[in-house]
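# Examining the three-dimensional arrangement
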Amino acid sequence: MARDFAADIQDPIAGEIVTNVGVWVDKEVKPQASEFEHADQFPEPLLQGMSDMGLFGIKIPEQYGGLDLSFECYAGVCMELARGWMSLAGIINTHVLVGYAINEYGTQEQKDMYLPKFVKPDMRCALSITEPDAGSDAQAIKTTARRDGDDYVINGQKMWVTNGHRAGVYLVMTKTDTTAQPRHKGITAFLVPHETPGFIKGKKFEKLGYKGVETTELAFEDARVPATAVLGGNEGRGFQHIMSALEVGRINVAARGVGVAQAAFDDSIRYAQHREAFGVPIFQHQAQQIRLAEMIVKIRAARLLTLDAARKKDSGVRSDLDAGIAKLYATEIANECALDAMRIHGGVAYSKELPVERYYRDAPLMIIAEGTSDIQKTVIARNIVKEYPI
Ligand SMILES: Cc1cc2nc3c(=O)[nH]c(=O)nc-3n(C[C@H](O)[C@H](O)[C@H](O)COP(=O)(O)OP(=O)(O)OC[C@H]3O[C@@H](n4cnc5c(N)ncnc54)[C@H](O)[C@@H]3O)c2cc1C
């Protein structure tokens, strides 16, 4: 079926969960999303619904109270959330990503301290890599962490931190050795609680889209954390840990692309059948049929690529190639489909009364965040060339 995200999910339990989330999205999210979005209001009531379905603990092991579901299921859930409102999938993205990093790479003490708290939205997580002078080139960060007895002292400035004001704990990428070569060997990740002295929450960015969820600056001015806050306990492993966790983020963003593209298609095919021009519904004009056919082919391909990447991650191996392919394709077609929906709706698309303008404003974020499309292409090329030794 065109719009049944569960249809291609291999695990029947995962499929059922995705279907249930889709029902909730149609009932609770679709009718309210534009209101929250236009007011740039954090959707607290919708978080309760997500929490009731266990979505904050979707990847947390059962021993810590989570659902411990597959990435395949997670991808389907994110498609459904984004079909309703892309920001909802953004709210859980860094949360799930940081939980994954702690579960995979954290010390037992870190797992015991944090994972049971992550199953509810009361303690949410943010990821902080990007700085004013370091985005795509993440290894160029300037934030430092200096060892001082049993503590580390962090100094630096971060920007574009999603969930930056409301998170309870931040996974922060720092340099513990600014001279290390290769550079990644000097990078260490810290788990920084929000109440840490010297940790300052800065301004919230006014954004084109991706509203409701805040994206902020952060500053560290002699912020002191115990050595036990180093993710996994060892210096110099932060880059690998965060890159592995970013595969989870790229699956999330790919799924968001599928969800937004699907929403754009759903609205367009309905509109095309009742809007008339030249005496017939515009769907009868072949140009619109071709446009809609091209949209659904792209959406289906993006959906399958995203589920494929999620299943690769489920198999326990590095999946940066698969996640990169899915993220690149799904987010690029989301932008194309959002623009196609604008064309199909004509002038009314430009009005805030319909959600089409929201899809159009939300889509560009996805070709930027979690690695731009250019960066995905370099990741893909670097992986593929290994298969062609000379
Ligand atoms: C709304 C929003 C939310 C975000 N949330 C977070 C978050 O929660 N945490 C976080 O850490 N970051 C977050 N980011 C930051 C995001 O990950 C970066 O914006 C992104 O990685 C790109 O970095 P940049 O903006 O510095 O662009 P730049 O790195 O300056 O890139 C500018 C342009 O140059 C191109 N370019 C750069 N290097 C290359 C290359 N090697 N080859 C070809 N082209 C290249 C890029 O593709 C791009 O077109 C967020 C960003 C936005 C907009």
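Since the structure is predicted, the reported quantities are computational estimates derived from the model, not experimental observations.

A word on the overall build of the protein. Helix and strand content of the protein: 11 helices and nine strands. Against the 2.2 N^0.38 benchmark of 21 Å for 390 residues, the protein shows a C-alpha radius of gyration of 21 Å, consistent with a compact globule. Among the 390 residues that make up the protein, the fraction classed as buried is 51%.

Looking at the ligand, there are 22 residues lining it, with Gly135, Ser136, Trp160, Thr372 and Asp374 nearest. Only strand E1 (125-128), strand E3 (151-162) and helix H11 (373-384) provide two or more residues apiece to the shell around the ligand. Here the residues of the shell around the ligand are counted per class, giving nine nonpolar, 10 polar and three charged. Two domains each donate at least three residues to the shell around the ligand, and these are domain 2 (125-236) and domain 3 (240-387).

Let us now look at helix H8 (residues 286-314). With 29 residues, H8 ought to run about 42 Å at 1.5 Å a step, and its terminal C-alpha atoms sit 42 Å apart, in line with that. Once H8 ends, the next one or two residues include Gly316, with phi positive near 90°.

Moving on, we come to the pairing of strand E5 (residues 187-193). Along any regular strand, the residues point their side chains to alternate faces of the sheet. Most of E5 is tucked away, with six of its seven residues classed as buried. Direction of pairing for strand E4 (residues 169-175) relative to E5: antiparallel, over a ladder of seven bridges. Each residue of the ladder has a partner; that of Met173, found in E5, is Ala189.

Taking every second residue as pointing to the same face, both faces of E1 are buried, with Cys125 and Leu127 on one and Ala126 and Ser128 on the other. When E1 meets E4, the two strands line up parallel, connected through four bridges. Paired with Ala126 across the two strands is Tyr170, which belongs to E4.

With that out of the way, let us pick up unusual backbone geometry. The peptide bond linking Gln181 to Pro182 adopts the cis configuration, its omega dihedral lying at -10°. Relative to the helices and strands, Pro182 is located in the loop between E4 and E5. The phi torsion at Asn163 lies on the positive side, around 65°, for a residue other than glycine. Tracing the chain through its elements places Asn163 in the loop between E3 and E4. One non-glycine residue, Asp222, lies in positive phi territory at about 50°. Within the element layout of this structure, Asp222 appears in strand E7 (residues 215-226). Given 12 C-beta atoms within 10 Å, Asp222 falls into the exposed group.

Relative orientation of the contacting elements helix H4 (residues 71-84) and helix H7 (residues 238-274) amounts to 40°, with a least axis distance of 7 Å. Between H4 and H7, the angle falls in the class oblique. Considering only the axes of H4 and H7, their crossing is right-handed. Residues Phe71, Ala75, Cys78, Met79, Glu80, Leu81, Ala82 and Arg83 of H4 form the contact with H7, whose participating residues are Ile251, Asn252, Ala255, Arg256, Val258, Gly259, Val260, Gln262 and Ala263. For the contact of H4 with H7, the per-class residue count stands at 11 nonpolar, three polar and three charged.

Between its first and last C-alpha atoms helix H1 (residues 12-29) spans 24 Å; for 18 residues at 1.5 Å apiece the expected length is 26 Å, and the two agree. Along H1, the positions that sit buried rather than exposed are Ala14, Ile17, Val18, Val21, Gly22, Val25 and Val29. For H1, the angular spread of buried residues about the axis comes to 145°, placing them on one side. Exposed residues pointing more than 90 degrees away from the buried face of H1 are listed as Pro12, Ile13, Val23 and Lys27. Check the buried side of H1 and you find it contacts helix H2 (33-38), helix H3 (44-52), H4 and helix H5 (86-105).

Position of Gln48 relative to the elements: it lies in helix H3. In this structure the C-alpha to C-alpha distance between Gln48 and Cys73, which are 25 residues apart in sequence, comes to 20 Å.

Direction vectors running N to C along helix H9 (residues 320-345) and helix H10 (residues 356-366) enclose 160°, while the axes themselves pass 8 Å from each other. If you check the angle between H9 and H10, you find them roughly antiparallel. Note that H9 runs across H10; the crossing there is left-handed. Across the interface between the two elements, Thr331, Ala334, Asn335, Ala338, Leu339, Ala341, Met342 and His345 from H9 touch Val356, Tyr359, Tyr360, Ala363, Pro364 and Met366 from H10. When grouped by side-chain class, the residues that make up the contact of H9 with H10 number 11 nonpolar, three polar and no charged.

Rules used in this analysis
- Residues numbered from 1 in each chain as written.
- Predicted model: local features only at pLDDT ≥ 70, side-chain atom pairs only at ≥ 80, totals over all residues.
- Helix = DSSP H or I, 4+ residues; strand = E, 2+ residues; numbered from the N terminus.
- Rg over C-alpha atoms; globule rule 2.2 N^0.38 Å.
- Buried ≥ 20, exposed ≤ 12 C-beta atoms within 10 Å, placed from the backbone.
- Near = placed C-beta within 6 Å.
- Nonpolar A, V, L, I, M, F, W, Y, C, P; charged D, E, K, R; others polar.
- Domains from an automatic or database assignment.
- Expected span 1.5 Å × (residues − 1).
- Pairing = 2+ DSSP bridges.
- Axes fitted to C-alpha atoms, helices over the stretch in contact; angles between N-to-C directions.
- Parallel < 35°, antiparallel > 145°, perpendicular 65-115°, else oblique.
- Left-handed = near helix turned anticlockwise from the far one by under 90°.
- Contact = placed C-beta atoms within 7 Å.
- Arc of directions from axis to C-beta.

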